[in-house]
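Each chain, letter by letter, is given below.
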Amino acid sequence: MDAGCPRLPDTVLFEIFLYLDHADVLSVGLVCQQWRAVARDEFLWKELFYRYYRVSRDVPRHPGAVSWYDEFQRLYDTIPCVEVQALKEHNDQVLHLSFSHSGCLFASCSKDCTVKIWSNELDISLQHSSNMRPYNWSYTQFSQFNSDDSLLLVSGVFVGPHNSSSGEIAVISMENFTLLSRVRNKPYDVFGCWLNETNLISGNLHRIGRITSCSVLWLNNAFQGIESENVNVVKRLFKIQNLNASTIRTVMVADCSRYDSPDLLLDYEEQLAASSVCPVFDLGSDSEEEEAKPKPPPEPAVQELPDAGGVPAEHRLQQLFDDIMEGRVRPAMTDTELETKVAELFVRNRTKPPEPNLLPTDSNSKTKYLIFTTGCLTYSPHQIGIKRILPHQMTTAGPVLGEERRSDEFFDSLDHVIDIHGHIIGMGLSPDHRYLYVNSRAWPRDCVISDPMQPPPIAEEIDLHVFDLKTMKEVKRALRAHRAYTPNEECFFIFLDVSRDFVASGAEDRHGYIWDRHYNICLAKLQHDNVVNSVAFSPVEQELLLTASDDTTIKVWRSPRAMRIRQARRPQPRKLLFSWLMNQKS
């Protein structure tokens, strides 16, 4: 037995270790022979794991884990929580970060109106900076590399009055950092995204009334500035009506082809190959029991309103107008309510039905989902809309306005809607596109919205929800730890990111946060001096994480294990000195 390591009953030794820090548990285990014997006891490590991390005992071990000891070590040793570098080249708030798919580069956007390209080597260095002020931009807010990392999409906000909502998308070549094309984008917080290697999605907004509008989503060729005039470079994808001052924002694309081979299954029953029928969910339910009950599917957007003597919607609309104009009825509703009523009656008779069979049945399907925030009750985004993009829609070839439409197909309906019952402030996809993570700030339970311009107050706590896009159901209880403080009218997007095993998010409480996706537990808080707006995992090395903040810095975080490996790879000073002396002699 080791000197200085008294003989204790194994159960007593175990209880003592519960009060040690994580690193102490592992380090003591390296020097104490008695503990090395105990370490081989899986039952003791399982007990230690559940009690140390306060994980519910109905949560099984990670499907990729070999032992409970390995899991205990993984959750200490592989979390990117060690700050290794602070990048200070921006001179204003840093709003967004995005990695290239190869992990060799990343881009940052800032209120200083630049997009900067960084080289991700042993030490991160600035490779290029593009100033967008000459194009009348106020600031850059979002970026995304295309699938082969040859192009960078950059989204920004135009200079204009305080209430201006116009923006623009620029496409930059990664070969020589030249600007290839620019596309208008309204509202600016549509952000934009890539559909495939050469085509990107933008938005436009058309006002119909005071609180009624129409969002049009466009497919754009990235090479608009250099394509032949005989080649179509833009095509309308979808045209969707917005009610009660809502608009479509924050578009992203999910690829369905990998749903049957995800990196990590989050449903414990599915891990045991016991799939179940998925309910339609509404996060505004009154109790856990109510949430667990299967609910009827939502009515399609084209379904008629309750029948009034068999009168079709368009005849009811005309009858409503005639009665009001001729004084037969005095509307017992405000102008806002009347506008919404008229818009609802109109859209029900002028909308293309949703696509049947939304859920993909073929694992090799080329179908993609267009995912975006929207709403139906107020201007703050409180719903997630999902619209399927079919293969023939993924090119700008064909008529600019898309396929010819009948008069009763003026608008497109949504294929699926998820009601969040709160203000959505962030969304992110898992690397396999199977799961959608959503940051939201909840509304008060049982709140009633009588005025779309006065949304309910929102909670300071941020809920991080997880949805399975294969089954369209929520698969985890919401994660909590991070907070936000701005009210509805000042609320801004907080970007999150997902790796194979972890999910990370910024917050307004001056921290970034990391959770384990399998165990649903918070693992680390990452300190900044101001709001953390964005986080980004390296797509090829999840033990590397970047955080961007209003304190104008980008911080680089690595795991304890990655730090040991990096230090081992660095040349030792003595070896460098010896090498220099040998060169001097020669």
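Treat the numbers as computed from the prediction; the structure is a model and nothing was measured. Residue positions within a chain follow its written sequence, with the count starting from 1. Given that the model is predicted, a residue must reach a pLDDT of at least 70 before its local features are reported, and side-chain atom pairs must reach 80 or more before they are shown or counted; all residues, however, enter totals for whole chains, interfaces and linings. In computing side-chain properties, one takes all heavy atoms of the structure into account and sets aside hydrogens as well as water.

## Considerations on the overall build of the protein chain
Item 1. Scanning the protein chain from N- to C-terminus turns up 11 helices and 30 strands.
Item 2. Each residue's exposure class comes from its accessible area (1.4 Å probe, protein chains only) as a fraction of the maximum for that residue type: buried when under 20%, exposed when over 50%, partly exposed otherwise. In the protein chain, which comprises 586 residues, the share counted as buried stands at 51%.
Item 3. Where accessible areas are quoted, they stem from the Shrake-Rupley method and a 1.4 Å probe; at the residue level, only the protein chains shown are allowed to cover. As displayed, the protein chain offers around 27700 Å² of accessible surface, 51% of which is attributable to carbon and sulfur atoms. Numbering of helices and strands runs from the N terminus, with a helix taken as a DSSP run of H or I at least four residues long and a strand as a DSSP run of E at least two residues long.

## Section: helix 4 (residues 42-53)
Item 1. With 12 residues, helix 4 should cover 16 Å at 1.5 Å per step; its first-to-last C-alpha distance of 16 Å lies within 8% of that length.
Item 2. Burial in helix 4 covers these residues: Leu44, Trp45, Glu47, Leu48, Phe49, Tyr50 and Tyr53. Expected span of a helix, by definition, is 1.5 Å for each gap between consecutive residues, and there is one gap fewer than residues.

## Examining the environment of cysteine 214
Item 1. Its place among the elements puts cysteine 214 in strand 12 (residues 213-221).
Item 2. Among the residues examined, cysteine 214 registers a relative accessible area of 3% and is labelled buried.
Item 3. Measuring from C-alpha to C-alpha, the distance between cysteine 214 and serine 246 comes to 9.6 Å, with 32 residues separating the pair along the chain.
Item 4. Should any heavy atoms of two residues lie within 4.5 Å, those residues are considered in contact. The residues touching cysteine 214, leaving out its near neighbours within four places in the chain, are Asn204, Leu205, His206, Ile208, Lys239, Ile240, Gln241, Asn242 and Phe411.

## Overview of the UniProt feature "repeat: WD" (unreviewed entry) in the protein chain
Item 1. UniProt positions are given in the numbering used here, feature names are shortened, and annotations may be inferred rather than shown by experiment. When the UniProt feature table is mapped onto this chain numbering, "repeat: WD" (unreviewed entry) sits at residues 87-119 and 525-557.
Item 2. For residues 87-119, helix accounts for 0% and strand for 58%, while the C-alpha atoms at its two ends are 12 Å apart.
Item 3. Helix makes up 0% of residues 525-557 and strand 70%. Its end C-alpha atoms lie 11 Å apart.

## As for the pattern of salt bridges
Item 1. The salt bridge definition used is simple: a Lys or Arg side-chain nitrogen within 4 Å of an Asp or Glu carboxyl oxygen. All chains considered together, the criterion is met by 18 salt bridges.
Item 2. Its salt-bridge partner being arginine 182, residue glutamate 168 comes within 2.9 Å of it at the nearest N-O pair. A residue pair is termed long-range when its members are at least 10 positions apart, and glutamate 168 in strand 8 (residues 167-173) and arginine 182 in strand 9 (residues 179-185) qualify at 14 residues.
Item 3. With relative accessibility at 4%, the residue glutamate 168 sits in the buried group.
Item 4. As a salt-bridge pair, glutamate 461 and arginine 483 come within 3.5 Å of each other at their nearest N and O atoms. Residue glutamate 461 is found in the loop between strand 21 (435-442) and strand 22 (463-468), and its partner arginine 483 is found in the loop between strand 23 (473-474) and strand 24 (496-498); the two are separated by 22 residues along the sequence.
Item 5. Its relative accessible area of 29% is what places glutamate 461 among the partly exposed residues.
Item 6. Residue arginine 483 is classed as partly exposed on the basis of its relative accessible area, which comes to 28%.
Item 7. Counted as one network, the salt bridges with shared partners bring together Glu71, Arg74 and Asp516.

## Some thoughts on the nonpolar core
Item 1. Working definition of a nonpolar core: buried Ala, Val, Leu, Ile, Met, Phe, Trp, Tyr and Cys residues. They are joined through side-chain atoms within 4.5 Å. The biggest cluster of nonpolar side chains holds 18 residues, and the ones touching the most others in it are Tyr369, Ile371, Ile384, Ile386, Met427, Leu436 and Leu469.
Item 2. Element by element, the count of residues in this core is highest for strand 20 (residues 422-429), at 3 residues.
Item 3. Not counting chain neighbours up to four residues away, the residues in contact with methionine 427 comprise Thr250, Met252, Ile371, Phe372, Thr373, Ile384, Leu436, Tyr437, Val438, Phe493 and Leu496.
Item 4. Counting 17 residues, the second largest nonpolar core, distinct from the first, contains Ile201, Phe238, Ile389 and Met394.

## Some thoughts on the environment of leucine 122
Item 1. Its location among the elements puts leucine 122 in the loop between strand 4 (114-119) and strand 5 (125-131).
Item 2. Sequence separation between leucine 122 and arginine 566 is 444 residues, and the spatial gap between their C-alpha atoms is 8.0 Å.

## Observations regarding the side chain of glutamate 508
Item 1. Its place among the elements puts glutamate 508 in the loop between strand 25 (502-505) and strand 26 (511-516).
Item 2. Definition of a polar contact: a pair of N or O atoms within 3.5 Å, with one able to donate and the other able to accept a hydrogen when the atoms are protein atoms, and with sequence-neighbouring residues admitted only if both atoms are side-chain atoms. For glutamate 508, the side chain forms a polar contact with the side chain of threonine 486, separated by 3.0 Å.
Item 3. Leave out the neighbours within four places in its chain, and glutamate 508 touches Arg441, Arg483, Ala484, Tyr485, Thr486, Phe492, Ile494 and Val531.

## Describing unusual backbone geometry
Item 1. Each neighbour pair has its own omega, and for lysine 186 with proline 187 the value is -5°, a cis peptide bond.
Item 2. Position of proline 187 relative to the elements: it lies in the loop between strand 9 and strand 10 (193-194).
Item 3. The backbone of histidine 421 sits at a positive phi, close to 55°, despite the residue not being glycine.
Item 4. By secondary structure assignment, the location of histidine 421 is in the loop between strand 19 (416-419) and strand 20.
Item 5. You can call histidine 421 buried: its relative accessible area is 18%.
Item 6. Even without glycine at this site, arginine 510 takes up a positive phi of about 70°.

## Things to note about the sheet that holds strand 2 (residues 94-99)
Two strands in a sheet stick together by hydrogen bonds in their backbones, pointing the same way (parallel) or opposite ways (antiparallel).
Item 1. Sheet architecture is open: 4 strands sit in the order 2-3-4-5, paired in antiparallel fashion. Single-partner strands in this sheet number two, and they are strand 2 and strand 5. Across the sheet, the mean angle separating the axes of adjacent strands is 20° when strand polarity is ignored.
Item 2. A pair of strands is considered paired only if DSSP assigns at least 2 bridges between the two. Two strands pair when backbone bridges link them, and strand 3 (residues 105-110) and strand 4 are joined in this way by 5 bridges, in the antiparallel orientation. Looking at the pairing, alanine 107 lines up with isoleucine 117 of strand 4. The angle between two axes is taken between their N-to-C directions and runs from 0 to 180 degrees, where each axis is a line fitted to C-alpha atoms and a helix contributes only its stretch in contact.

## Some words on the environment of serine 261
Item 1. Relative to the helices and strands, serine 261 resides in the loop between strand 14 (249-255) and helix 6 (268-271).
Item 2. Residue classification places serine 261 among the partly exposed positions, given a relative accessible area of 46%.
Item 3. Spatially, the C-alpha atom of serine 261 lies 9.0 Å from that of arginine 434, the residues being 173 residues apart in sequence.

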